[in-house]
Amino acid sequence: MTENAKQALVNLLDLDESGLREFFEGIDEKPFRATQVMKWIYHHGVTDFSAMTDLGKDLRQRLGSLACITLPTILKQQRSNDGTVKWMLGLPGGNAVETVYIPEANRGTLCVSSQVGCALNCSFCSTATQGFSRNLMTSEIIGQVFLAAQALGHERNGKRAITNVVMMGMGEPLLNFDALAPALNLMRDDLGYGFASRRVTVSTAGLVPMIDRLRESVDVALAVSLHAPIDDLRVQLVPLNKKYPIKELMAACQRYVAGRNKCQVTFEYTMMGGINDFPEHARQLVKLLRRVPSKLNIIPFNPYPGARYSCSSPERIEAFKQIVMRGGLIATVRKTRGEDIDAACGQLVGKVRDRTRRQAAHNAQLAGQASA
Ligand code: SAH
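Residues numbered from 1 in each chain as written. Predicted model: local features only at pLDDT ≥ 70, side-chain atom pairs only at ≥ 80, totals over all residues. Heavy atoms only, no water.

S.K.: Break down the environment of Leu 75 for me, citing the residues and quoting the values.
M.R.: Among the secondary structure elements, Leu 75 is positioned in strand β3 (residues 73-79). Spatially, the C-alpha atom of Leu 75 lies 5.5 Å from that of Met 88, the residues being 13 residues apart in sequence. The contact partners of Leu 75, leaving out residues within four places of it in the chain, are Met 88, Leu 89, Gly 90 and Ala 96. (Helix = DSSP H or I, 4+ residues; strand = E, 2+ residues; numbered from the N terminus. Contact = heavy atoms within 4.5 Å.)

Put into structure tokens, the structure is as follows:
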């Protein structure tokens, strides 16, 4: 099949249950075909129409000419000493993204990317250094879960390896809402992966209007990358704070949990030595978060080449944690995982050959200008 003909096919991984039902209605088939196809794809891992035996031969053939089930390609799989697994996935157009699996005693978390690169330019994140290339499609988001589930199999005592999904990979998920929402539906849907609402988390740098939209669209857990308790400091770390300052962000978080049973917001706080790790910051954080049902996730800063920050000392992290806990917050320090394979928070980069070359040419040009 030619590239053009392939592009005209509908990738069924781009459609959630309602999208699939519409698709089947659109080709004069019964909408319940969506149920059958979803079970094949998400429960049995089947991507070949000819193997979907309850569809009837004619329909299987028709699907072959109208639709496809196309996944990203695995370019590289690395396994850390601590069991963390990282995949680099290739996408059409030569882009790449990373997905990370983090096994723990009682759960297995898959960290999923939402964009190639990121446009938010947070000053402490390595993904920011590569700039923004493009949004992922729904198929490329849910495809990360599909590929990881397949690669991991039932490797944990016969149980499902992935118990939780966090949208904490590359990109800002809420800036890719239209592709994200159907992917979240597929994660939650019993015909998809059937994860409970607390087990799917969307992490955001704080896009206030989109937090409201998420609340209205799909029932998942919310994490907010806070990193500072006051606007002056937060603006330096998360430039988006200029547009949506802390007060508005907190109000959106309160709206998110309002009326929801047992719902709380996770606030992420990356500890950077001499920047946001003073006792005063911990006290300010207590005041700020007391009004929102929440827990604080303290993340030791992970260094990367060219980073302008360093990690707070273990003593400072512990002192910070003690203050917030005495203030009544629930706080945990995230254990850094997968460091030996650069799979830790803020270390994900989808090295794009083309872009890297462009960057090298740009650097050479600058060097030339400097020496001229
Ligand atoms: N854009 C979304 C999703 C990315 S999540 C968001 O901002 O929430 C990635 C998490 O890792 C965020 O909390 C981010 O702030 C954090 N992070 C980024 N760079 C880091 C680094 N170098 N060390 C530790 N955490 C980092």
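That shown, we press on.
S.K.: Describe the packing of helix α10 (residues 279-289) against helix α11 (residues 314-326), listing the residues and the values that go with them.
M.R.: Angle between the axes and distance between the axes are the two parameters that describe a pair of packed helices. Put simply, α10 and α11 touch, their axes get as near as 9 Å, and they point 30 degrees apart. Relative to α11, α10 is oriented roughly parallel. The chirality of how α10 crosses α11 is right-handed. Contact residues: α10 offers Pro 279, His 281, Ala 282, Arg 283, Leu 285 and Val 286, while α11 offers Phe 320, Ile 323 and Val 324. Here the residues of the contact of α10 with α11 sort into seven nonpolar, one polar and one charged. (Axes fitted to C-alpha atoms, helices over the stretch in contact; angles between N-to-C directions. Parallel < 35°, antiparallel > 145°, perpendicular 65-115°, else oblique. Left-handed = near helix turned anticlockwise from the far one by under 90°. Nonpolar A, V, L, I, M, F, W, Y, C, P; charged D, E, K, R; others polar.)

S.K.: Go over the site of the ligand with me, naming the residues and quoting the values.
M.R.: Lining the immediate surroundings of the ligand are 22 residues, of which Glu 172, Ser 203, Ser 225, His 227 and Asn 302 lie closest. Take Gly 171: an N or O atom from its main chain is 3.0 Å from a nitrogen atom of the ligand. When the ligand sits alone it has 540 Å² of accessible area, and the protein chains cover 94% of it. Among the elements of the structure, β10 (200-204), β12 (265-271) and β13 (294-300) are those that each provide at least two residues to the shell around the ligand. (Near = heavy atom within 4 Å. Polar contact = N/O pair within 3.5 Å; in protein donor to acceptor, adjacent residues only side chain to side chain. Areas by Shrake-Rupley, 256 points an atom, 1.4 Å probe, with all protein chains shown as cover.)

S.K.: Lay out the sheet that holds strand β14 (residues 331-333) in plain terms, naming residues and giving numbers.
M.R.: A sheet is described by the order of its strands in space; here 10 strands give the open sequence β3-β4-β5-β6-β9-β10-β11-β12-β13-β14, paired in mixed fashion. Each having just a single partner strand, β3 and β14 make up the two edges of the open sheet. Pairs of neighbouring strands in the sheet enclose a mean axial angle of 20 degrees, with direction left out of account. In this structure, strand β6 (residues 108-111) lies alongside strand β9 (residues 164-167), joined through three bridges in parallel fashion. In the sheet register, Leu 110 faces β9, and the bridge partner there is Val 165. Most of the contacts of helix α6 (residues 177-188) go to β10, to which it runs at about 155 degrees, and overall it touches β9 and β10. (Pairing = 2+ DSSP bridges.)

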